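# Chains, contacts and geometry: an overview
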Amino acid sequence: MANPKVKVHVKKGDLVQVISGKDAGKKGKVLQVIPDKHRVVVEKINLVKRHTKPTQANPQGGIIEKEAPLDASNVMIFCSKCDRPVRIAKKFLENGEKVRICRICGEVLDTDK
């Protein structure tokens, strides 16, 4: 069981690259962060097949493919300026706002800014 006090270095909406496992080298957008389990769900990465019974919502049933969570330590944030996966640093801007920056080029990585 993971420690619930551990912070995850990625946020929902970040562009990340997988650095280990069967999908190593692939890039995708973070769809969901599960901090208490230290896991992330990345778009089109770690696809698993799920056999479903027919229901009213899905009368056909059958096999569906969906993204499964993978450990947050297996992904790194992708810097579009450096064009590579990078580690991040945190910095305060002049207006007192705390942002994440690329350790290599200094580019601000927060997507909502």
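These lines cover the structure that appears in this document, whether it is placed above or below.

Basis of the calculations
Residues numbered from 1 in each chain as written. Predicted model: local features only at pLDDT ≥ 70, side-chain atom pairs only at ≥ 80, totals over all residues. Heavy atoms only, no water. Helix = DSSP H or I, 4+ residues; strand = E, 2+ residues; numbered from the N terminus. Buried < 20%, exposed > 50% of the residue type's maximum accessible area, 1.4 Å probe, protein only. Pairing = 2+ DSSP bridges.

## Regarding unusual backbone geometry
- The backbone phi angle of K44 is positive, close to 65°, even though this residue is not glycine.
- On the secondary structure map, K44 appears in the loop between strand 3 (39-42) and strand 4 (47-52).
- Judged by its relative accessible area of 58%, K44 falls in the exposed class.
- Phi is positive for N46, which is not a glycine, with a value near 60°.
- Mapped onto the elements, N46 comes out in the loop between strand 3 and strand 4.

## Some points on the sheet that holds strand 6 (residues 70-71)
- Read from one edge to the other, the open sheet built from six strands follows the order 6-3-2-1-7-8, with strand pairing classed as antiparallel. A single partner strand is all that each edge strand has here, and the edge strands are strand 6 and strand 8 (84-86).
- Bridge count between strand 3 and strand 6: two bridges; the pairing is antiparallel. Within strand 6, the position partnered with V40 by the bridge is L70.

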